[in-house]
Amino acid sequence: MACSYKIDANHRSDSHVRTDNNFTLVEEDSSSDDYEDRVNYKDVIRKGNSELESSISDPRDEATPDNWIKRNSTMVRLTANHPFNSEAPLPRLMHHGFITPIPLHYVRNHGPVPKASWNDWTIEITGLVKRPAQLTMYNLINSFKSKEFPVTLVCAGNRRKEQNMEKKTKGFNWGAAGVSTSVWRGVPLRDVLKSCGILSRKKKAFYVCFEGAEDLPGEHGGGGSKYGTSIKRDIAMDASRDIIIAYMQNGENLSPDHGFPVRMIIPGFIGGRMVKWLKRIIVTTEESKNYYHYKDNRVLPSQVDAKLADEKGGGKKVTRVEVTMDGGETWYVCTLDHPEKCSKYGKYWCWCFWSVEVEVLDMIRAKEIAVRAWDETLNTQPEKLIWNVMGMMNNCWFRVRTKECELQGEIGILFEHPTQPGEQSGGWMEEKHLEKSSNSTPSMNTSSKTFSMSEVKKHNSADSAWIIVHGHIYDCTRFLKDHPGGTVSILNKAGTNCTKAFDAIHSDNAKEMLEKYRIGELITIGYTSDSTTSSPNNSIHGT
Ligand code: HEM
């Protein structure tokens, strides 16, 4: 007997006055004048929070500069323990629907989280402005009218693990949950720039740059500098873009991981533009030369030309979502649910949800279900993954494989996603590329030297930091201060076998660099998987 099944999933499209440090959920003006959404945010947020376990001081943060921050322990960590880069388990993210509780919102950190004080924090506005200013949080909140509305943030590296299965990129393994939606409150950037007398384009004020707080780790790449990026002046000053300097998320002060006390929110742009722990806004003639703007976060899919790139930029409504069960021959049109209503400029800043009814037997027979969305300008997702070296902007059809299975005597369907995030195994995609040097055994003059696990374990400090990767031993001591991921991330793994973590995080280039530090091989007695607790009897050798 045929029965039907409903597939539900999400698809992303891409005034209150403060008197002290205690914020409460915003009571006045909570639906901004621009937005009149169907969702009652306060209720959704309260419900989401009530379902969530308390955040904890996680033992994984103990030996890191972030040990003062409480975090949700179910977040999947993508770059070992530190810096904190994480996404929620996908079913948990989806369970919460339109608004993501703060502890489950994905986090992208390049280094330790700055310890900020609300009362001492200032934002400098400088460069091509008539009246440079140094705003305190008090000035910011009391001198400008704030706005509050929901925005979906997406990491440009979301779903990068699929790209890494094709060929390793320069980035680590984001699964499909590097995307989240919150209600953000802040002051319009354009109001602040206007009050500082931003110069005109005639006076060559072409860009607005944003800069974060602390110097980032390492001495190469972005290391030693602050996180920074820029947008065009015309975008910054465009009221319809809804760009805000945000100080509240889901009715609370920003959390440390999301930029306390203040960050940029630039709807429709990648998360990488939304500088956290914002310290400086600089109006310039040139685009930001910051490493993270120029080298790290700059990719457009190959079908986008210069004209299209200028035209797009988010805010388009997702108008159609389709599901195929025959590899794209025929498509089911899905029912859409847009909890958000558009801004007065006709922009949409949040994800929407889709559902479709299909026959169970068709779904079992199909073996693969794929979904693609269209926006109002008929821009759609590409069928195939487009690999790029930074592993950014993967937005190809999402394909889930189905398999018939038996569950307690009943017939069930097993759904398999392309990948699982980070170091987690699973997913139907197979790794295509061969592991580079960290897996190989190049001829090295040191390869004859062997060490036992108990010897390696002793080298677990900044004075001597050894790691094991694929059975080879590396002395990272002299590289600690240069490491783009920071000293702490290596020290956390020093004295252990960190093969799995190393491979999951690093590019082929990093794997080649590793060879410089190789000092010998681990004595092989048995085999264990990647572990920080391998006993001397359970030494590892590469496979
Ligand atoms: C001598 C040993 C190591 C070398 C040569 C090395 C090299 C690099 C390089 C070149 C990068 C920049 C990204 C890339 O090109 O892949 C990087 C980033 C990073 N590494 Fe290492 N690494 C080493 C050891 C480790 C260890 C043991 C860990 C911890 C498991 C680690 C964690 C990280 C993290 C968290 C990042 C930052 C990723 C990001 O925020 O984008 N590294 N490393």
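Predicted model, so just to flag it, every value in this text is computed and none were measured.

Enquirer: Go over the overall build of the chain, please, and point to the residues and values.
Expert: Check the secondary structure of the chain and you find 13 helices and 27 strands. Counting every position in the chain, which comprises 543 residues, the buried fraction comes to 55%. When the accessible surface of the chain is split by element, carbon and sulfur atoms take 51% of a total near 24,100 Å².

Enquirer: Explain the site of the ligand residue by residue, including any values.
Expert: Near the ligand you find 25 residues, and of these Arg108, Phe479, His483, His506 and Ser507 are the closest. Here an oxygen atom of the ligand sits 2.9 Å away from a polar atom, N or O, in the side chain of Arg108. Interatomic distance of 2.8 Å between a side-chain N/O atom of His506 and a nitrogen atom of the ligand. The residue inventory of the shell around the ligand, partitioned by class, reads 16 nonpolar, seven polar and two charged.

Enquirer: Please set out the coordination of the iron atom of the ligand residue by residue, giving values where relevant.
Expert: Those protein atoms acting as donors to the iron atom of the ligand are His483 (NE2) and His506 (NE2), and they sit at 2.0 Å. Every donor counted, the six donor atoms about the iron atom of the ligand form angles of 87 to 180 degrees at the centre, which fits octahedral coordination. Highlighted residues: His483 in the loop between strand E25 (472-475) and helix H11 (487-491) and His506 in the loop between helix H12 (499-505) and helix H13 (508-514), separated in sequence by 23 residues. For the pair His483 and His506, a shared accessibility class is recorded, and that class is buried.

Enquirer: Break down the UniProt feature "domain: Cytochrome b5 heme-binding" (unreviewed entry) in the chain for me, with residues and values.
Expert: In this numbering, the UniProt entry assigns the feature "domain: Cytochrome b5 heme-binding" (unreviewed entry) to residues 448-523. Secondary structure content for residues 448-523 is 33% helix and 28% strand, while the C-alpha to C-alpha distance between its ends is 11 Å.

Enquirer: Outline the sheet that holds strand E21 (residues 410-416), listing residues and values.
Expert: As summarised here, the arrangement of the five strands in space is E16-E15-E19-E20-E21, forming an open sheet in which the pairing is antiparallel. In this open sheet, the two edge strands, each paired with only one partner strand, are strand E16 (332-333) and E21.

Enquirer: Tell me what's going on with the sheet that holds strand E4 (residues 107-108), and back it up with residues and numbers.
Expert: Backbone-to-backbone hydrogen bonds pair the strands of a sheet. The strands run either parallel or antiparallel. Taking strand neighbours across the sheet as the criterion, the three strands line up as E2-E3-E4 in an open arrangement whose pairing is antiparallel. Lying at the two open borders of the sheet, with one neighbouring strand each, are strand E2 (76-77) and E4. In this sheet, strand E3 (residues 85-87) lies alongside E2 in antiparallel orientation, the contact comprising two bridges. Bridge pairing links Val76 to Glu87 in E3.

Enquirer: Give a detailed account of the pattern of salt bridges, specifying residues and quantitative values.
Expert: Enumeration according to the criterion identifies 27 salt bridges in this entry. Between Arg399 and Glu368 there is a salt bridge, and its shortest N-O distance comes to 2.8 Å. Taken as a pair, Arg399 in strand E20 (residues 398-407) and Glu368 in strand E19 (residues 368-375) lie far apart in primary sequence, 31 residues in all. Judged on exposure class, the residue Arg399 and its partner Glu368 are both buried. The closest approach of N and O atoms between Asp482 and Lys481, which form a salt bridge, is 3.6 Å. Judged by its relative accessible area of 13%, Asp482 falls in the buried class.

Enquirer: So, the packing of aromatic side chains: which residues are in play, and what are the values?
Expert: If you walk through the whole model with that rule in mind, you get seven aromatic pairs. Their ring planes at 90 degrees and their centres at 4.9 Å tell us that Trp331 and Trp397 sit as a pair that is edge-to-face. In this pair, Trp331 is assigned in the loop between strand E15 (318-324) and E16 and Trp397 in the loop between E19 and E20, connecting sequence segments 66 residues apart. Its relative accessible area of 6% is what places Trp397 among the buried residues.

Enquirer: Go over helix H1 (residues 41-50), please, and point to the residues and values.
Expert: Those residues of H1 that sit buried are Tyr41, Ile45 and Gly48. Projected down its long axis, H1 carries its buried residues within an arc of 65 degrees, all on one side. Away from its buried face, by an angle of more than 90 degrees, H1 presents the exposed residues Lys47 and Ser50. Looking at the packing, one finds that the buried side of H1 touches strand E7 (147-154) and strand E8 (179-188).

Enquirer: How would you explain the side chain of Ser507 if you had to name every residue and give the values?
Expert: Here Ser507 is to be found in the loop between H12 and H13. Looking at Ser507, the relative accessible area reads 9%, which means it is buried.

Enquirer: So what's going on with the nonpolar core? Which residues, and what values?
Expert: Residues Leu140, Leu189, Leu193, Phe210, Ile231, Ile245 and Ile281 are the most contacted members of the largest nonpolar core, which totals 59 residues. At five residues, the largest contribution of residues to this core is made by strand E11 (residues 244-249). Apart from residues no more than four positions distant in its own chain, Ile281 is found in contact with Ile123, Glu124, Ile125, Thr126, Leu189, Leu193, Val208, Cys209, Phe210 and Ile245. Counting residues in each nonpolar core, the second largest holds 20 residues, with Val318, Ile364, Ala366 and Val400 among its members.

Enquirer: Can you explain the pairing of E19? Please cite residues and give values.
Expert: With seven of its eight residues buried, E19 lies for the most part within the structure. Of the pairings in the sheet, the one linking E19 to E20 comprises four bridges and is antiparallel in character. Bridged to Val371 within E20 is Phe398.

Enquirer: Could you give me a rundown of the environment of Val192, with the residues and numbers involved?
Expert: Residue placement: Val192 occurs in helix H5 (residues 189-195). Since its relative accessible area comes to 1%, Val192 is described here as buried. Here the alpha-carbon distance between Val192 and Ala133, two residues 59 residues apart in the chain, equals 9.6 Å. Excluding residues that lie within four positions of it along the chain, Val192 makes contacts with Ile125, Leu135, Leu140, Phe144, Val187 and Ile245.

Enquirer: Break down a positive patch on the surface for me, citing the residues and quoting the values.
Expert: Among the surface-exposed residues, Lys130, Arg131, Lys202 and Lys203 lie close enough to one another that they form a single positively charged patch. Along the polypeptide, Lys203 turns up in the loop between H5 and strand E9 (207-215). Assessed through its relative accessible area of 56%, Lys203 is described here as exposed.

Enquirer: Report on the pairing of E15, specifying residues and quantitative values.
Expert: Among the seven residues that make up E15, five are buried, leaving the element largely enclosed by the rest of the structure. Two strands pair when backbone bridges link them, and E15 and E19 are joined in this way by six bridges, in the antiparallel orientation. Paired with Val321 across the strands is Ala373, a residue of E19. The pairing of E15 with E16 spans two bridges and is antiparallel. Its bridge partner being in E16, Glu322 is matched across the sheet by Val333.

Rules of the game
Residues numbered from 1 in each chain as written. Predicted model: local features only at pLDDT ≥ 70, side-chain atom pairs only at ≥ 80, totals over all residues. Heavy atoms only, no water. Helix = DSSP H or I, 4+ residues; strand = E, 2+ residues; numbered from the N terminus. Buried < 20%, exposed > 50% of the residue type's maximum accessible area, 1.4 Å probe, protein only. Areas by Shrake-Rupley, 256 points an atom, 1.4 Å probe, with all protein chains shown as cover. Near = heavy atom within 4 Å. Polar contact = N/O pair within 3.5 Å; in protein donor to acceptor, adjacent residues only side chain to side chain. Nonpolar A, V, L, I, M, F, W, Y, C, P; charged D, E, K, R; others polar. Donors = N, O, S within 2.8 Å, 3.2 Å for Na, K, Ca; no water. Tetrahedral: all angles 85-135°; square planar, octahedral: opposite > 155°, others 65-115°. UniProt positions renumbered as here; feature names shortened; annotations may be inferred. Pairing = 2+ DSSP bridges. Salt bridge = Lys/Arg side-chain N within 4 Å of Asp/Glu carboxyl O. Phe/Tyr/Trp six-rings, centres within 6.5 Å; stacked < 30°, edge-to-face > 60°. Arc of directions from axis to C-beta. Contact = heavy atoms within 4.5 Å. Core = buried A, V, L, I, M, F, W, Y, C linked by side-chain atoms within 4.5 Å. Patch = residues over 30% accessible without salt bridge, like charges linked within 9 Å, V, L, I, M, F, W, Y side chains within 5 Å. Lys, Arg positive; Asp, Glu negative; His and termini not counted. Charge placed at Lys NZ, Arg CZ, Asp CG, Glu CD.

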